[in-house]
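Structural overview for review
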Amino acid sequence: MALSDNARGALMMMAAMAAFTLNDACMKLLSDELPLFQALFIRGIGTTLALGLITHRLGLLRFSYSRADWWLIGLRTVGEIAAAFFFLTALFHMPLANVTAILQALPLTVTLAGAVFLGQAVGWRRMVAILIGFSGVLLIVRPGTEGFNVYSVMALISVGCVTLRDIATRRLSASVPSVTVAFFAAVGVMAFSALVSMAETWAMPSAAGMWQLAGATFFVLGGYLLAVLAMRAGDVGFVAPFRYTGLIWALVLGLSVFGDWPDALTLLGAAIIVTTGLFTFYRERQRARAAAQPG
């Protein structure tokens, strides 16, 4: 039996989240061997070459975009660079599941930023859900407690950077292909990490480290492409909530690979974030359906 567009989109989104989380696990394993920016630069070489080849083969490597689109591409790339720096720094020093759980607040922050900066309508129900979701974030980071540190702040900043990236993406015109945007972002991250890595003492990775670098490159590239395909295969309101399956992968990999399991408050905070995020997706889908109905 043939799968529906929504079913294919959901499966690809789950595969994308698995790929992104496996990339995070590979990068975290590399933290024992390589400095952050050396690892990011080497991964960036493979990612940029692969995306460049795909973009070229599809005939999408063009530079004839409007000034407004170029400005948004630049802003999005800055957000991507900053998100990579803050997220990976936090990841190198925090349990995988904890960092991933904080990142699950992204749909809430994007909805709030859309209301503030794009003038998108957000009803009182979604606004209450956003506020409750942020209380879940506070349960995870717990400011003022012994477990709170600078890396918790960096994880939160990475959410803000990804929010900036996604808001810039929403403002891009439809003439700019997604894979081209991903290619420019990869170039930006690679160039920035190459520059900063000059201040680091480079290390020679072991055989295991080389496999981890190859795995990180493969999985992050697969995550990018699968996420784009997922959002184009099915209805956004149906497919997007499957992003939360990344948290399941983070819990499994955190326990099996790193021996980490979040405490009860962290799990409660993650549950609150996911629940309010799903409600936000639900309300947004309802609103889209109402707007599509003839008056």
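It should be noted that the structure appears before, not after, this text.
Attention in this report is confined to the structure presented alongside it. (Residues numbered from 1 in each chain as written. Predicted model: local features only at pLDDT ≥ 70, side-chain atom pairs only at ≥ 80, totals over all residues. Heavy atoms only, no water.)

This part takes up helix H5 (residues 106-117). Compared with the 16 Å implied by 1.5 Å per residue over 12 residues, the 16 Å span of H5 between its first and last C-alpha is a close match. Of all the residues in H5, the buried ones are Leu-106, Pro-107, Leu-108, Thr-109, Val-110, Thr-111, Ala-113 and Gly-114. One or two steps after H5, the chain reaches Gly-119, where phi turns positive at roughly 70°. (Helix = DSSP H or I, 4+ residues; strand = E, 2+ residues; numbered from the N terminus. Expected span 1.5 Å × (residues − 1). Buried < 20%, exposed > 50% of the residue type's maximum accessible area, 1.4 Å probe, protein only.)

All right, on to a nonpolar patch on the surface then. A contiguous nonpolar patch, built from Leu-61, Phe-63 and Trp-70 and spanning about 280 Å² of accessible area, is present on the exposed surface. Structurally, the position occupied by Leu-61 is in the loop between helix H2 (36-57) and helix H3 (67-93). What makes Leu-61 partly exposed here is its relative accessible area of 33%. (Patch = residues over 30% accessible without salt bridge, like charges linked within 9 Å, V, L, I, M, F, W, Y side chains within 5 Å. Areas by Shrake-Rupley, 256 points an atom, 1.4 Å probe, with all protein chains shown as cover. Salt bridge = Lys/Arg side-chain N within 4 Å of Asp/Glu carboxyl O.)

This part is about the packing of helix H4 (residues 96-103) against helix H11 (residues 245-258). Orientation of H4 relative to H11, taken along the N-to-C sense of each, is 170°, at an axis distance of 8 Å. The orientation of H4 relative to H11 falls into the category roughly antiparallel. By crossing handedness, the relation of H4 to H11 is classed as right-handed. Taking contact as the criterion, the partners of Leu-96, Ala-97, Thr-100 and Ala-101 in H4 are, on H11, Gly-246, Leu-247, Ala-250, Leu-251, Leu-253, Gly-254 and Phe-258. Partitioning the contact of H4 with H11 into residue classes produces eight nonpolar, three polar and no charged. (Axes fitted to C-alpha atoms, helices over the stretch in contact; angles between N-to-C directions. Parallel < 35°, antiparallel > 145°, perpendicular 65-115°, else oblique. Left-handed = near helix turned anticlockwise from the far one by under 90°. Contact = heavy atoms within 4.5 Å. Nonpolar A, V, L, I, M, F, W, Y, C, P; charged D, E, K, R; others polar.)

The next thing to look at is the packing of aromatic side chains. To describe a pair of aromatic rings, you give the distance between the ring centres and the angle between the ring planes. Using the criterion set out here, one finds 12 aromatic pairs in the structure. Ring centres of Phe-218 and Phe-219 lie 5.4 Å apart, and the angle between their planes is 70°; this geometry places the pair in the edge-to-face category. (Phe/Tyr/Trp six-rings, centres within 6.5 Å; stacked < 30°, edge-to-face > 60°.)

Of note, Met-13 is situated in helix H1 (residues 5-30). For Met-13, a relative accessible area of 0% corresponds to the buried category. Residues Met-13 and Ala-68, 55 residues apart in the sequence, show an inter-C-alpha distance of 30 Å. Residues within four places of Met-13 in sequence aside, it is in contact with Ala-227, Ala-230, Met-231, Val-239, Phe-242 and Arg-243.

As a further point, take unusual backbone geometry. Within the chain, Arg-142 stands out as a residue other than glycine whose phi angle is a positive 50°. Along the chain, Arg-142 falls in the loop between helix H6 (124-141) and helix H7 (150-171).

The biggest cluster of nonpolar side chains holds 51 residues, and the ones touching the most others in it are Met-27, Leu-30, Leu-40, Leu-88, Leu-96 and Ile-102. In terms of residue count, the dominant contributor to this core is H3 (10 residues). Those residues in contact with Met-27 that sit more than four places away from it in its chain are Ala-39, Leu-40, Arg-43, Leu-88, Phe-92 and Ala-216. One finds Val-176, Val-181, Ala-182 and Phe-183 within the second-largest nonpolar core, a separate group that totals 15 residues. (Core = buried A, V, L, I, M, F, W, Y, C linked by side-chain atoms within 4.5 Å.)

Let us look at the packing of H2 against helix H8 (residues 178-197). Between H2 and H8, whose axes approach to 8 Å, the crossing angle comes to 150°. Classed by the angle they form, the pair H2 and H8 counts as roughly antiparallel. When the axes of H2 and H8 are compared, the crossing they make is left-handed. Per-class residue counts for the contact of H2 with H8 are 16 nonpolar, nine polar and no charged.

It is worth spelling out the side chain of Thr-77 at this point. Mapped onto the elements, Thr-77 comes out in helix H3. With a relative accessible area of 12%, Thr-77 lands in the buried category. Setting aside residues no more than four positions away along its own chain, Thr-77 makes contact with Phe-184, Ala-185 and Gly-188.

The next thing to look at is H6. In this model, H6 (18 residues) spans 26 Å end to end at C-alpha, consistent with the 26 Å of a helix rising 1.5 Å per residue. When H6 is considered as a whole, its buried residues turn out to be Arg-126, Ala-129, Ile-130, Gly-133, Gly-136, Val-137, Ile-140 and Val-141. Down the axis, H6 shows its buried residues gathered within 130° of arc, on one side only. Exposed positions of H6 whose direction lies more than 90 degrees from the buried face are Trp-124 and Leu-131. Taken from the residues just after H6, Arg-142 is the one with a positive phi, measuring 50°. (Arc of directions from axis to C-beta.)

Worth remembering: the numbers are spatial, not functional.
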